[in-house]
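Inside the fold
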Amino acid sequence: MNMLYDLLVNLQEVAFDFFEWQMEDDIEHIKRIPVFRVSREMMIDLIEKEVVVDKEFLNRIADETEKYNLEKIEYAALFSDGESSIVVEFNEKGENLFLSHLLPTDEEETSRYIKTEEEEKISYVSLKQREHHTFFTREERKIKNFLEKEITASYQKKEYSKLRYLYLEYFEKEEENPKKIKEALLSSIQHHLTKKHLSLYEVLLMVKEKKAI
């Protein structure tokens, strides 16, 4: 599998250009990531639409993306048509959840590399136009993105006690089934944020900062 190395990414629901990145964003330093040359059509679909890639492709890229802190992103890949590039993080269903453009220097390196590669035919289904959540402010999108990543990562790492705590704090009732907890929490932040979401964000951010010390 072809890999590219040493990239900075800013995975968000909306693929912001590098000049829109903010200091508060969760910028991730990627040590290595699978890279694929795809058609212009697929590039546009990955950025502008909700798509689902097939299980075979998910299995190919599973745990292949590694950050410099040695953490892995379960399903992620870098796609390019030779003119532009996009990093995509998928969930376990193959849905394109988070996107990131590259820094200009990384974009140039990717384009130079990918032009020597053959175009891959990756099986996927295009569903509908992505919601760009224009009713969220830039700050609200940042909080929403952070919560989605933390909830999804906690489920993938089987940190079920953490998920149960978040569920109890938000819904003020208990639930034992981790999958139901994950789906309920993710559903709660799809269209608006409440004061309870902000409280969860502050708690999770504090825990993350303590771990980094």
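Described below are features of the structure shown in this document. All residue numbers refer to positions counted from 1 along the written sequence of the respective chain. Only residues with pLDDT of at least 70 get local features here, since the model is predicted, and only at 80 or more are side-chain atom pairs given and counted; chain-wide, interface and lining totals rely on the full set of residues. For the side-chain quantities, the full set of heavy atoms in the structure was used; hydrogens and water were omitted.

Our focus in this paragraph is the packing of helix α5 (residues 160-171) against helix α6 (residues 178-188). The description of two packed helices rests on the angle between their axes and on the distance between the axes. Running from amino to carboxyl end, α5 crosses α6 at an angle of 45 degrees, the nearest separation of the two axes being 10 Å. As far as their axial angle goes, α6 and α5 are oblique. Seen along the crossing, α5 lies across α6 with a hand that is left-handed. Residues Tyr-160, Leu-163, Arg-164, Leu-166, Tyr-167, Tyr-170 and Phe-171 of α5 form the contact with α6, whose own contacting residues are Pro-178, Ile-181, Ala-184, Leu-185 and Ser-188. Think of it as three bins: nonpolar holds Ala, Val, Leu, Ile, Met, Phe, Trp, Tyr, Cys and Pro, charged holds Asp, Glu, Lys and Arg, and polar takes everything else, Gly as well. For the contact of α5 with α6, the class distribution of residues is 10 nonpolar, 1 polar and 1 charged. Lines fitted to the C-alpha atoms define the axes, with helices restricted to the stretch that makes contact. Angles between their N-to-C directions range from 0 to 180 degrees. Put simply, DSSP H or I for four residues or longer makes a helix, DSSP E for two residues or longer makes a strand, and each gets a number counted from the N terminus. What sets the label is the angle itself: under 35 degrees gives roughly parallel, over 145 gives roughly antiparallel, 65 to 115 gives roughly perpendicular, and the rest give oblique. Here is the rule for handedness: rotate from the far helix to the near one, and if that takes an anticlockwise turn smaller than a right angle the crossing is left-handed, while a clockwise turn gives right-handed. Whether two residues touch is decided by their heavy atoms; if any such pair falls within 4.5 Å, the residues are in contact.

The next subject is the packing of aromatic side chains. When two rings of Phe, Tyr or Trp (its six-membered ring) have centres within 6.5 Å they constitute a pair, described as stacked for plane angles under 30 degrees, edge-to-face for angles over 60, and tilted for the intermediate range. Tallied over the entire structure, the rule returns 10 aromatic pairs. Note on Phe-18 and Phe-19: the rings are 5.6 Å apart at their centroids and 75 degrees apart in plane angle, and the pair reads as edge-to-face. Note on classification: 1.4 Å probe, protein chains only; a residue is buried when its accessible area is under 20% of the maximum for its type, exposed when over 50%, partly exposed between these limits. The class of Phe-18 is partly exposed, set by a relative accessible area of 38%. Here Phe-19 falls in the exposed class, since its relative accessible area comes to 61%. Ring geometry for Phe-146 against Tyr-201: centres 5.2 Å apart, planes inclined by 85 degrees, an arrangement best described as edge-to-face. A residue pair is termed long-range when its members are at least 10 positions apart, and Phe-146 in helix α4 (residues 138-156) and Tyr-201 in helix α7 (residues 195-212) qualify at 55 residues. The class for Tyr-201 is buried, based on a relative accessible area of 12%. What links up through ring pairs into an aromatic cluster is the set Phe-36, Phe-57, Phe-79 and Phe-90. Geometry around Phe-98 places Lys-149 over its ring, the cationic atom sitting 5.6 Å from the centre. The criterion for a charge sitting over a ring is simple: Lys NZ or Arg CZ within 6 Å of the ring centre, and within 35 degrees of the ring normal. The lysine or arginine in question, Lys-196, covers the ring of Tyr-170, its NZ or CZ lying 5.8 Å from the ring centre.

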